[in-house]
Amino acid sequence: MVRDRLTLAWLNLLSLAIATLAASLLPNRWLADALVLSLALAKGRVIVLDFLGLRHAPALWRGLLTSWLAGLVALAGLAVALRALV
Amino acid sequence: MSALAYEPETTERWGLLDGLPGDPMMWVLILSELVAFGLLLGAFVVARTVNPVVFAAGQAMLDGPLAALNTVVLVTSGWAAARGAAAARGASPAVARRWIALAILLGAAFIAVKLTEYGREIAAGAGLETSPFFTLYFLLTGFHLLHVVLGMVILGIVGRHSAPTSVETGTAFWHMVDLVWIVMFPILYLVG
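Residues numbered from 1 in each chain as written. Chains lettered and ligands numbered in written order. Predicted model: local features only at pLDDT ≥ 70, side-chain atom pairs only at ≥ 80, totals over all residues.

1. Comments concerning the overall build of chain A
Quick reminder of the rule: Secondary structure counts use DSSP, requiring at least four H or I residues in a row for a helix and at least two E residues in a row for a strand, with both numbered from the N terminus. To sort residues by exposure, count the other C-beta atoms lying within 10 Å of each residue's C-beta; 20 or more gives buried, 12 or fewer gives exposed, and values between give partly exposed, all with C-beta atoms placed from the backbone. Note on contacts: each residue gets a C-beta atom placed from the backbone, and two residues are in contact if those atoms are within 7 Å.
A tally of helices and strands in chain A yields three helices and zero strands. Starting at the N terminus and ending at the C terminus, chain A contains elements arranged as α-α-α. Viewed in the frame of its principal axes, chain A has a C-alpha envelope of about 50 × 30 × 10 Å. Taken over 86 residues, chain A has a buried fraction of 37%. Considering only residue pairs separated by 6 or more positions, chain A has 52% of its internal contacts joining residues 24 or more positions apart.

2. Observations concerning the interface of chain A and chain B
We apply this condition: Three categories are distinguished: nonpolar for Ala, Val, Leu, Ile, Met, Phe, Trp, Tyr, Cys and Pro, charged for Asp, Glu, Lys and Arg, and polar for the others, with Gly belonging to the last.
Counting residues at the interface gives 35 residues for chain A and 34 residues for chain B. When contributions to the side of chain A that touches chain B are tallied by element, the ones reaching two or more residues are helix 1 (2-24), helix 2 (29-51) and helix 3 (59-85) of chain A. Of the residues forming the side of chain A that touches chain B, the biggest block, eleven residues, is contributed by helix 3 of chain A. Among the residues forming the side of chain A that touches chain B, the class breakdown is 26 nonpolar, four polar and five charged.

3. Some remarks on the environment of L20 of chain B
Position of L20 of chain B relative to the elements: it lies in the segment before helix 1 (24-50). Spatially, the C-alpha atom of L20 of chain B lies 9.6 Å from that of E168 of chain B, the residues being 148 residues apart in sequence. Excluding anything up to four places from it in sequence, L20 of chain B contacts A57 and W61 of chain A together with W27 of chain B.

4. A short note on the nonpolar core
Among soluble globular proteins, nonpolar side chains are generally buried collectively. Test applied: A set of buried residues qualifies as a nonpolar core if it consists of Ala, Val, Leu, Ile, Met, Phe, Trp, Tyr and Cys joined through C-beta atoms within 7 Å.
Among the nonpolar cores identified, the biggest contains 81 residues, and A76 of chain A together with A103, L155, V183 and I187 of chain B are the most heavily contacted of them. Top element by residues in this core is helix 6 (residues 164-190) of chain B. It accounts for 17 residues. L155 of chain B has contacts with A81, I100, A103, I104, G170 and W174 of chain B, leaving out every residue within four places of it along the chain.

5. Some remarks on the environment of S67 of chain A
Residue position: S67 of chain A is located in helix 3. Sequence-wise, S67 of chain A and L6 of chain A are 61 residues apart; in three dimensions their C-alpha atoms are separated by 23 Å.

6. Quick notes on the packing of helix 2 of chain A against helix 3 of chain A
Residue and element names in this part refer to chain A. Rules: Orientation is described by lines fitted to C-alpha atoms, with helices fitted over the stretch in contact, and by angles between N-to-C directions that extend from 0 to 180 degrees. To sort the angles, those under 35 degrees are grouped as roughly parallel, those over 145 as roughly antiparallel, those from 65 to 115 as roughly perpendicular, and the leftovers as oblique.
For the pair helix 2 and helix 3, the least separation of the axes is 10 Å and the interaxial angle reads 170 degrees. The angle between the axes of helix 2 and helix 3 places the two elements in the roughly antiparallel class. Facing helix 2, whose interface residues are W30, D33, A34, L37, A40, L41, G44, R45 and V48, helix 3 presents R62, L65, T66, L69, A70, V73, A76, G77, V80 and A84. A breakdown of the residues in the contact of helix 2 with helix 3 according to their chemical character gives 13 nonpolar, three polar and three charged.

7. Digging into unusual backbone geometry
Residue and element names in this part refer to chain B. Even without glycine at this site, A91 takes up a positive phi of about 55 degrees. According to the C-beta neighbour criterion, A91 is exposed, with 10 such atoms within 10 Å. The phi dihedral of S162 falls on the positive side, at around 55 degrees, and the residue is not glycine. The residue S162 is located in the loop between helix 5 (132-161) and helix 6 in this model. Here S162 falls in the buried class, since 23 other C-beta atoms lie within 10 Å of it.

8. With respect to the confidence of the model for chain A
Rule in force here: The quantity called pLDDT is the predictor's confidence in a given residue, expressed from 0 to 100.
For chain A, the average pLDDT comes to 94, and 97% of its residues sit at 70 or higher. Across chain A, the secondary-structure element scoring lowest on mean pLDDT is helix 1 of chain A, at 93, and the one scoring highest is helix 2 of chain A, at 96.

9. Structural notes on the packing of helix 3 (residues 64-89) of chain B against helix 6 of chain B
Residues and elements named next belong to chain B. Heads up, the rule is: Helix crossings get a hand from a simple test, with the near helix turned counterclockwise from the far one by less than a right angle marking a left-handed crossing and a clockwise turn marking a right-handed one.
Put simply, helix 3 and helix 6 touch, their axes get as near as 9 Å, and they point 165 degrees apart. Taken together, helix 3 and helix 6 sit at an angle that is classed as roughly antiparallel. When you trace helix 3 past helix 6, the crossing you get is left-handed. On helix 6, the residues that touch G64, A67, T71, L74, V75, G78, A81, A82, G84, A85, A88 and R89 of helix 3 are P164, V167, E168, T171, W174, H175, D178, W181, F185, Y189 and L190.

Take a look at the structure:
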């Protein structure tokens, strides 16, 4: 069962990686960047929960690692928005 | 037994570090590494905002598809490492060793692809002092590459005997390296 979950997580990561590359080719830069960053958050979450095995760990650690991910993605998104506005 | 003799605790309590896979001290290292990479990536994002033209020109010289290939290589290596940890927990050390060996092999493939990429970039005129973009790019990716090498060494050590806690400890470090790449890749290569 664990092996199945890990393999599903891996296949999910591969799909998200392909989707990331496809999203980066979109002509609309805003949409492309928003999708690429959202997909990075989704991939990171799979690694945190399934590979690092924090799905059943204390919520504090899931929160810490997810906050690290979300914080960087948000900062990158904010920078893109600022550059577009200035 | 002497009163001064060392008596190992049977039920160690680590407070906030309880309930995590592997040795709790590894998580202190993982957290400090994430803080270091977070600060570097944050500095890159801020520097790009201040210097958008130079950073856009630098990013245009990078090989996105090759870096995307490395994402596939690294997440597959993470999968193999996770399977190795699951096998070690399931008391199958021989199976665990094979998965860990595959994870290390894919780590070597990541390094080979990254060095190929460096070679192309340097041949195209990029260097540490070419621009602020390339200074930060080589610093970030080089620091990450060092962690890939260190992770392979750790996996090699824990994979030797494949004791469950040791394998969980080593693979946790490996997944941290994977996690950092997942965020670093779009910020450096894709987001315009």
